[in-house]
Amino acid sequence: MYNFSKRLLDIIVSFLALIILSPILLPLIIVLKFSAEGYVFYFQDRIGKDRVNFKIIKFATMLKDSPNLASGSITLSGDWRVTKPGKFLRKTKINELPQIINILKGDISLVGPRPLVTKTFSAYNEDVQSKIYNVKPGLTGIGSIIFRDEESIISAVKDEDPHEFYKRIIAPYKGELEMWYQSNCSFLLDLQLIFMTAWVILVPTSKLYEKWFKDLPKRSFK
């Protein structure tokens, strides 16, 4: 029943979102087409449910060859690879909106662990790797909410390679969070996480999730 309700919610919300947001999406497509490098969408292989790859869709915010430049798959604060329109799109999370199409197709859900590229996925320990995509990945989730400022956290580290810091500090905690989600997943929790996502976009410094979800794994770093 939960899986049916979850998929029904995905279809209804994503379909309505495409209609409601079309006045925003269409002008953005035109702006991106005639700015920066002239490409609108960014397609990337991500790991989906049962570790089957799919193409995720985002608005293009970085230089075309950015995966092969600088910090590769990790984006830092003030990253020079981000285009001028891309800075705004990333800050407001509007660059994620084309993933509504992925939701409608069934590649991802509204709520779930973020679908990762292989290199970032490999930072998880073997136990998490074997379990994290037993559920469908999502547009948002508990890991996305708590690490909404991930770029800033990584950028603040000056004496360690960003990939090593991610593997040593961020990935273990993200893994714990996603295992917490799988242990507690319900239709109500999904609705709470959708609301919480909107809330932290409006109030980025909010820690309301700590009051709502008192049994979350403890964060060992600032």
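What counts, and where the lines are drawn
Residues numbered from 1 in each chain as written. Predicted model: local features only at pLDDT ≥ 70, side-chain atom pairs only at ≥ 80, totals over all residues. Heavy atoms only, no water. Salt bridge = Lys/Arg side-chain N within 4 Å of Asp/Glu carboxyl O. Helix = DSSP H or I, 4+ residues; strand = E, 2+ residues; numbered from the N terminus. Buried < 20%, exposed > 50% of the residue type's maximum accessible area, 1.4 Å probe, protein only. pLDDT = per-residue confidence, 0-100. Axes fitted to C-alpha atoms, helices over the stretch in contact; angles between N-to-C directions. Parallel < 35°, antiparallel > 145°, perpendicular 65-115°, else oblique. Contact = heavy atoms within 4.5 Å. Nonpolar A, V, L, I, M, F, W, Y, C, P; charged D, E, K, R; others polar. Expected span 1.5 Å × (residues − 1). Bend = angle between axes of the 7 residues up to and from the residue. Core = buried A, V, L, I, M, F, W, Y, C linked by side-chain atoms within 4.5 Å. Arc of directions from axis to C-beta.

Here we look at the pattern of salt bridges
Overall, the coordinates contain nine salt bridges when judged by the stated rule. A salt bridge links Lys131 to Asp127; the shortest N-O distance between them is 3.2 Å. Taken as a pair, Lys131 and Asp127 lie in helix α5 (residues 126-131) at a separation of four residues, close to a single helical turn. Among the residues examined, Asp127 registers a relative accessible area of 41% and is labelled partly exposed. Arg168 is paired through a salt bridge with Glu160; the nearest N and O atoms lie 2.8 Å apart.

Quick look at the confidence of the model for the protein
Chain-level pLDDT for the protein is 87 on average; 91% of the residues reach the 70-or-more range. Of all the helices and strands in the protein, helix α7 (residues 150-155) carries the lowest mean pLDDT, 78, while strand β3 (residues 109-111) carries the highest, 96.

Let's talk about the packing of helix α8 (residues 162-184) against helix α9 (residues 187-202)
Packing of α8 against α9 leaves a shortest axis separation of 9 Å and a crossing angle of 135°. With respect to each other, α8 and α9 are oriented oblique. Note on element contacts: α9 touches α8 through Leu189, Asp190 and Leu193, opposite Trp180, Tyr181 and Asn184. Classifying every residue of the contact of α8 with α9 gives four nonpolar, one polar and one charged.

What to know about helix α1 (residues 2-33)
In this model, α1 (32 residues) spans only 40 Å end to end at C-alpha, well below the 46 Å of a helix rising 1.5 Å per residue. Taking the largest bend as the criterion, α1 deviates by roughly 65°, centred on Ser22, and proline Pro23 comes between one and four positions later. Of the positions making up α1, those classed as buried are Ser5, Lys6, Leu9, Asp10, Ser14, Ala17, Leu25, Leu28 and Leu32. On the buried face of α1, the contacting elements are β2 (53-59), α2 (84-92), α3 (99-105), β3, α8 and α9.

Brief notes about the nonpolar core
Counting residues in each nonpolar core, the largest one holds 38 residues, and the members touching the most others are Ile142, Ile146, Leu193, Phe213 and Leu216. Of all the secondary structure elements, the ones that give two or more residues to this core are β2, β3, α6 (142-146), α7, α8 and α9. For this core, the leading source of residues is α8, giving nine residues. Of all hydrophobic cores here, the second largest spans seven residues; its members include Leu25, Leu32, Phe59 and Ile94.

Remarks on α2
Looking at α2, one finds that the buried residues are Gly86, Leu89 and Arg90. Projected down its long axis, α2 shows its buried positions confined to an angular sector of 95°, all on one face. Residues Lys84, Lys87, Phe88 and Lys91 are exposed on α2 and point more than 90 degrees away from its buried face. Residues of α2 that are buried sit in contact with α1, β2 and α7.

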